[in-house]
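Survey of secondary and tertiary structure
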Amino acid sequence: MFSKSILNWYNENKRDLPWRGKPEAYFVWLSEIMLQQTRVAQGLPYYLRFVEEFPTVHDLAEASQEKVLKLWQGLGYYSRARNLHDTAKVVSANFGGVFPNKYKDLKKLKGVGDYTASAIASIVYQEPVAVVDGNVYRVLSRFFGVETPINSTEGVKQFKALATKMLATKSPGLYNQAIMEFGALHCKPKNPQCVTCPVQSNCIAFQQNKVGELPVKLKKQKVRERFFNFLVFQDAKGQMLLQKRVEKDIWQHLYQFPLIESKHNLTLAEIKKTALLDNEKKVLQSIKRWNEKPIKHVLSHQKIWATFWCMAVKKLPENIQNTQQIANKQELMEFAVPVLMEKFINFKNG
Ligand code: SF4
């Protein structure tokens with residue numbers, strides 16, 4: 001009954017999205033990876049740019065990592081973009097451009113976990129495997145009144161089993177899309193539309209007045225605060241330095257101005273004293289703080305306070321690791337950079 005009602009609701013209310021219709025593995029895979037942790041409205045323009053630039057998995061496989069990261073810029077969680085690119089190469093080179101058609105084989109691909117493998121296997125190949133994303137957790141926990149935390153090991157198992165039990169096995173792909181869409185549009189995190197809900201009469205959370213309490217989540221990991229000082233060296237010709245982030249950290253393989261990370265926000269006197277600047281004292285002409293107050297940039301488990309220091313130099317420093325010289329502002333725009341840097345660059349170029 002529940003599954004049938006959800007399917008009927010979907011039939012009447014689904015959004016017309018470009019990867020729906022006659023689903024193909026490449027497009028479903030792209031959309032599922034791109035829209036994880038992202039709202040459709042935010043992710044859709046990225047998806048459209050990707051499919052225009054890379055109409056097949058072979059095109060994506062042949063692209064440079066720089067180009068893929070540049071197109072991904074602003075979508076966050078950059079490891080997803082790197083894994084996406086690696087998987088495209090494997091599918092192109094080892095499978096002739098055809099994605100595996102079984103859940104268990106899809107799961108072996110880099111960056112493809114239970115969620116994405118279930119989505120592709122069911123939506124494209126009609127394999128009866130249940131998809132459990134944030135929307136599904138919410139709908140099931142409310143409808144069945146399940147109070148097990150959704151981000152606990154026990155919760156993950158319990159909800160996967162429940163979702164599998166509810167799966168409409170004759171049309172698993174359609175049903176999976178239906179329940180996700182129902183969670184996204186109707187049984188929303190805030191202000192769910194219970195009054196017009198087709199499954200309201202059997203919804204435990206509604207009957208017991210617990211809609212606002214479900215789903216239950218374990219407390220979030222503590223947010224780590226970090227302090228970034230970007231050194232924007234510029235010589236008389238307007239040439240600048242960019243540095244590639246190579247460490248296993250946020251923004252891996254993206255570019256930035258040379259960075260000093262500190263334990264607190266640094267003052268002008270403190271930044272002048274750093275080892276890096278000692279080396280560059282002879283060539284340094286002036287140093288100016290660009291933003292009066294540190295810029296706050298919030299990621300999922302980190303809060304970054306950033307200051308840009310504009311440093312006029314006679315000659316660009318040569319002893320900073322992983323740097324390359326950029327001749328002009330136009331070239332600067334070609335590099336994949338974190339959104340935090342993009343704002344600064346756009347302001348400078350604006
Ligand atoms: Fe969600 Fe409300 Fe419908 Fe229950 S009645 S499934 S809480 S929208």
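Quick summary incoming for the structure in this document. None of the values given here were measured: they were computed from a predicted structure. Numbers given to residues run from 1 along each chain, matching the order in which its sequence is written. Local features are withheld for residues below a pLDDT of 70 in this predicted model, meaning they are given only at 70 or higher, and side-chain atom pairs are given and counted only at 80 or more; totals for whole chains, interfaces and linings count all residues. Values reported for side chains reflect all heavy atoms of the structure, with hydrogen atoms and water molecules removed beforehand.

Quick word on the pairing of strand β2 (residues 240-244)
- For the exposure calls, accessible area comes from a 1.4 Å probe over protein chains only, and a residue counts as buried if that area is under 20% of its type's maximum, exposed if over 50%, partly exposed in between. Secondary structure elements follow DSSP: runs of H or I no shorter than four residues count as helices, runs of E no shorter than two count as strands, and numbering proceeds from the N terminus. Counting buried residues along β2, four of its five residues qualify, which places the element largely inside the surrounding structure.
- Across two bridges, the pairing between β2 and strand β3 (residues 255-256) is antiparallel. What sits directly across from lysine 244, in β3, is tyrosine 255. Following DSSP output, two strands are said to pair if at least two bridges run between them.

Description of helix α10 (residues 153-166)
- Between the first and last C-alpha of α10 there are 20 Å, a value that for 14 residues agrees with the 20 Å anticipated at 1.5 Å per step.
- Buried within α10 we find Gly155, Phe159, Leu162, Ala163 and Met166. One side of α10 carries all its buried residues, which in axial view fall inside an arc of 100°. Those residues of α10 that are exposed and angled more than 90 degrees off the buried face are Thr153, Glu154, Lys157 and Lys165.
- Where α10 is buried, its residues touch α1 (2-13), α9 (134-144) and α11 (172-185). Working rule for helices: expected span equals 1.5 Å times residues minus one. Working note: the arc is built from the helix axis to C-beta atom directions. Residue contacts are defined here by distance: any two heavy atoms, one from each residue, within 4.5 Å place the two residues in contact.

What about the nonpolar core?
- In this description, a nonpolar core means a group of buried Ala, Val, Leu, Ile, Met, Phe, Trp, Tyr and Cys residues linked to one another through side-chain atoms lying within 4.5 Å. Within the largest apolar cluster, 101 residues are counted, with the highest numbers of intra-cluster contacts made by Phe2, Trp29, Leu30, Phe50, Leu60 and Phe257.
- Sort the elements by how many residues they give to this core and helix α2 (residues 25-35) lands first, with nine residues.
- Apart from the residues within four sequence positions on either side, leucine 30 is in contact with Tyr47, Phe50, Val51, Leu60 and Leu84.
- Formed by 15 residues, the second largest nonpolar core is a distinct cluster that contains Phe233, Leu241, Ile271 and Val283.

Some details on the site of the ligand
- Taken together, the residues surrounding the ligand are Arg142, Cys187, Pro192, Cys194, Cys197, Val199, Gln200, Cys203, Phe206 and Val211.
- Across the shell around the ligand, the residue classes break down as eight nonpolar, one polar and one charged. If a single non-hydrogen atom of a residue is within 4 Å of a molecule or strand, that residue counts as near it. Here the nonpolar group is Ala, Val, Leu, Ile, Met, Phe, Trp, Tyr, Cys and Pro; Asp, Glu, Lys and Arg are the charged ones; every other residue, Gly included, is treated as polar.

Structural notes on the packing of aromatic side chains
- Two rings from Phe, Tyr or Trp (for Trp, the six-membered ring) form a pair when their centres are within 6.5 Å of each other. A pair whose planes differ by under 30 degrees is stacked, one over 60 is edge-to-face, and the rest are tilted. One pass over the full model with this rule turns up 19 aromatic pairs.
- Both rings, one in phenylalanine 257 and one in phenylalanine 344, keep their centres 5.6 Å apart while their planes meet at 85°; by these two values the pair is edge-to-face. Of this pair, phenylalanine 257 sits in the loop between β3 and β4 (259-262) while phenylalanine 344 is found in helix α16 (residues 339-349), placing the two residues 87 residues apart along the sequence.
- Given the relative accessible area of 2%, phenylalanine 344 is considered buried.
- Pairwise contacts between aromatic rings join Phe228, Phe230, Trp251, Phe257, Trp290, Phe308 and Phe344 into one cluster.

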